[in-house]
Amino acid sequence: MVAYLLLLGIFMVFIIIHLKSRRPKGFPPGPIALPFLGSIHKMCSSNPLNDIEKLRKTYGNIYSLYLGRNAAVVLCGTQALKEALVNKAVDFAGRHQDLFMTAVTKRRGGLLADYGPTWKEHRRFTLMTLRNFGLGKQSMEQRILGELQYTIDYLEKNTGKIFSPQIMFHSVASNVICQLLFNNRYEHGEEFITTIVNSLCEIIKMNNGPWALIHESFPWVRCLPLPFTNAFEAIEVLKKLIIPVIEEHKKDRVPGEPRDFVDSYLDELEKVYNDGSSFSSEELLMYCLLLYMAGTDTTANTLLFGFLYLMNRPHIQERCQEEIDRVLEGKDFVTFEDRHDMPYVQAVIHEAQRTADTVPLSLFHATTRDTELMGYSIPKGTIVIPNLSSALWEEGQWKFPHEFNPENFLNDKGEFVKPDAFLPFSAGLRVCLGEALARMELFLMMVTLLKKFKFIWPEDAGEPDFTPVYGLTMTPKPYNMRVEIR
Ligand code: HEM
Ligand SMILES: *[C@@H]1O[C@H](CO)[C@@H](O)[C@H](O)[C@H]1NC(C)=O
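The present account deals with the structure reproduced in this document. (Residues numbered from 1 in each chain as written. Chains lettered and ligands numbered in written order. Predicted model: local features only at pLDDT ≥ 70, side-chain atom pairs only at ≥ 80, totals over all residues. Heavy atoms only, no water.)

On to the overall build of the protein chain, then. Along the backbone of the protein chain there are 17 helices and 11 strands. Each of the three principal axes of the protein chain carries a C-alpha extent, and together these read 70 × 55 × 45 Å. Split into buried and exposed, the 486 residues of the protein chain put 54% on the buried side. Within the protein chain, counting contacts between residues at least 6 apart in sequence, those at least 24 apart form 74% of the total. Here the protein chain holds 52 positive side-chain charges and 58 negative ones, and the gap between their average locations is 6 Å. (Helix = DSSP H or I, 4+ residues; strand = E, 2+ residues; numbered from the N terminus. Buried < 20%, exposed > 50% of the residue type's maximum accessible area, 1.4 Å probe, protein only. Contact = heavy atoms within 4.5 Å. Lys, Arg positive; Asp, Glu negative; His and termini not counted. Charge placed at Lys NZ, Arg CZ, Asp CG, Glu CD.)

To continue, consider the environment of glutamate 147. Topologically, glutamate 147 is positioned in helix α7 (residues 140–157). In this structure the C-alpha to C-alpha distance between glutamate 147 and phenylalanine 163, which are 16 residues apart in sequence, comes to 20 Å. Filtering out sequence-adjacent residues up to four positions away, glutamate 147 remains in contact with Ser171, Val172, Asn175, Val176, Gln179 and Arg185. A polar contact is formed between the side chain of glutamate 147 and the side chain of arginine 185, at a distance of 2.8 Å. (Polar contact = N/O pair within 3.5 Å; in protein donor to acceptor, adjacent residues only side chain to side chain.)

Taken together, Ile52, Glu53, Arg56, Tyr63, Val74, Cys76, Asn387 and Ser390 make up the full set of residues near ligand 2. A distance of 2.7 Å separates an oxygen atom of ligand 2 from a polar atom in the side chain of tyrosine 63. Bound to the protein, ligand 2 loses 85% of the 360 Å² it would expose on its own. When residues of the shell around ligand 2 are traced back to their parent elements, those giving at least two are α3 (48–59) and β2 (70–76). Sorting elements by how many residues they give to the shell around ligand 2 places α3 first, with three residues. A breakdown of the residues in the shell around ligand 2 according to their chemical character gives four nonpolar, two polar and two charged. (Near = heavy atom within 4 Å. Areas by Shrake-Rupley, 256 points an atom, 1.4 Å probe, with all protein chains shown as cover. Nonpolar A, V, L, I, M, F, W, Y, C, P; charged D, E, K, R; others polar.)

With antiparallel pairing, three strands are arranged side by side in an open sheet as β3-β11-β8. The two strands at the open ends of the sheet, each matched to only one other strand, are β3 (162–163) and β8 (453–456). As judged from the two bridges shared by β3 and strand β11 (residues 481–485), these two strands associate in the antiparallel manner. Bridge pairing in β11 places isoleucine 162 opposite arginine 482. Across the sheet, α7 is in contact with β3, β8 and β11; its angle to β8 comes to roughly 65 degrees. (Pairing = 2+ DSSP bridges. Axes fitted to C-alpha atoms, helices over the stretch in contact; angles between N-to-C directions.)

Another point: the sheet that holds strand β1 (residues 62–67). What the four strands build is an open sheet, ordered β1-β2-β7-β4; its pairing is mixed. In this open sheet, the two edge strands, each paired with only one partner strand, are β1 and β4 (365–366). Relative to strand β7 (residues 383–387), β4 is paired through two bridges, and the arrangement is antiparallel. Within the sheet, the bridge partner assigned to alanine 366 lies in β7 and is isoleucine 383.

Once that is clear, we can look at the nonpolar core. When a protein is soluble and globular, its nonpolar side chains tend to lie buried together. Ile144, Phe182, Phe307, Phe443, Phe455 and Met481 are the most contacted members of the largest nonpolar core, which totals 123 residues. Ignoring any residue separated from it by four or fewer positions in sequence, one finds phenylalanine 307 in contact with Phe169, Met446, Leu449, Leu450, Phe455, Tyr479 and Met481. Ala72, Val74, Cys76 and Ile383 belong to the second largest nonpolar core, which has 15 residues in total. (Core = buried A, V, L, I, M, F, W, Y, C linked by side-chain atoms within 4.5 Å.)

With respect to burial, β1 is a largely interior element, six of its six residues being buried. Burial along β1 is two-sided: Ile62, Ser64 and Tyr66 and Tyr63, Leu65 and Leu67, pointing in opposite directions, are all buried. In the sheet, β1 pairs with β2 via six bridges, with the strands oriented antiparallel. Residue pairing across strands places isoleucine 62 opposite leucine 75, the latter belonging to β2.

Written as structure tokens, this is what we have:
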């Protein structure tokens, strides 16, 4: 331990010396060198946040810093974000490939590839597959509603009791993805799921800590047995877990009749390409993990935040329920189409997403060529950090930027409107690939649960705490709830 700390200290000094590097001409301003900023995500967890606030105040909406040896530009505010991600979409659609995470995934998985054929082909394929399963025999809606039945059973069993909803929401989000990927659902606590979650956790923890930065900054330490090897071991564990699932699919499948993503991918592998394809069995494995990682915590945490607010704003919960009762009168199930008749519920869900601020710094982008942004020049290969949070809470963009208020999404006539600053899924070519699925999930889940249950903040729970805890995604502090059947 002491030896590690010592090493860490020495590396830090190296990095600082290393970073005497000057900024290129016309580059956005920023502090000289912030060696510890490799873990910028981690920094947001406590007071260092104030230091970063200061950076924005000092340098403006576009400023630069160094992540280890890599130059990065932070984009704050709706205007800068839209200008870069939408108006200069191609220039800003890259992903840096010299980061710790890339080393862990061995550049596999397709979806996080840099701007180019591998990413394009995988993105197109995934969107198409999502659509096929949405419109196919067993539509996405039915899959989600089917999965929700387990949540309803759980809540019915626990009526009147005080319990933590964390596992329940995680489980429903996780199973929606597992059904899509593997045509299978897993009970909470099943080894398959616990191993996936624990291993991904280990990887993310490493990625957000100082050892990732050291790995990125000094290629020659990469073969040493330093703590970052945990992340590489975790990936091996995940491989051992998922390879048998893929092998089983290979045995059972009927070519051309995919049951899930794995089948669809195997179909794609069999197609003959003229000029070599980016699809491969090695990609498939990492591709499954990436989709699982992207789709689970994000959705679960949004639900956790949503219900935390709904319990503590009973009048908002009741108004949702009135609207739901009116629109669904005489119907057993909600459909995604019903959203058009539920402007208030829509506003509440969007407000939950805004205040949940699930992925505050998005995923890092990179410039794909030398480009300009609002007067600054940014060379090819620069890391770009879209500060989505800064748009979601931006003054001037929202009627009530600093409070939970569905009016943020309603006009004078009570119709649902979506302001430009609503960017929880980011924007442009890299916009969240699961946006349509996530929106469907959030709507069907919220409506189904609010229709059947009343969610109550336990009397002895004290004042609610809405301050998020920073992880890969933001989560609310653990809390308990009570439900009654309506
Ligand atoms: C409320 C739920 C969700 C939120 C808030 C969310 C948010 C985001 C954000 C901010 C990004 C980064 C975009 C960028 O780089 O600019 C992203 C990327 C991505 N998301 Fe989501 N996401 C959610 C749910 C999902 C789901 C359910 C899936 C799975 C189908 C998914 C799959 C992905 C993928 C594959 C990417 C990478 C896209 C690419 O690089 O081309 N997400 N998401
Ligand atoms: C992102 O924006 C938020 C809100 O303006 C701010 O508090 C935070 O410090 C910013 N983070 C970075 C890395 O600029």
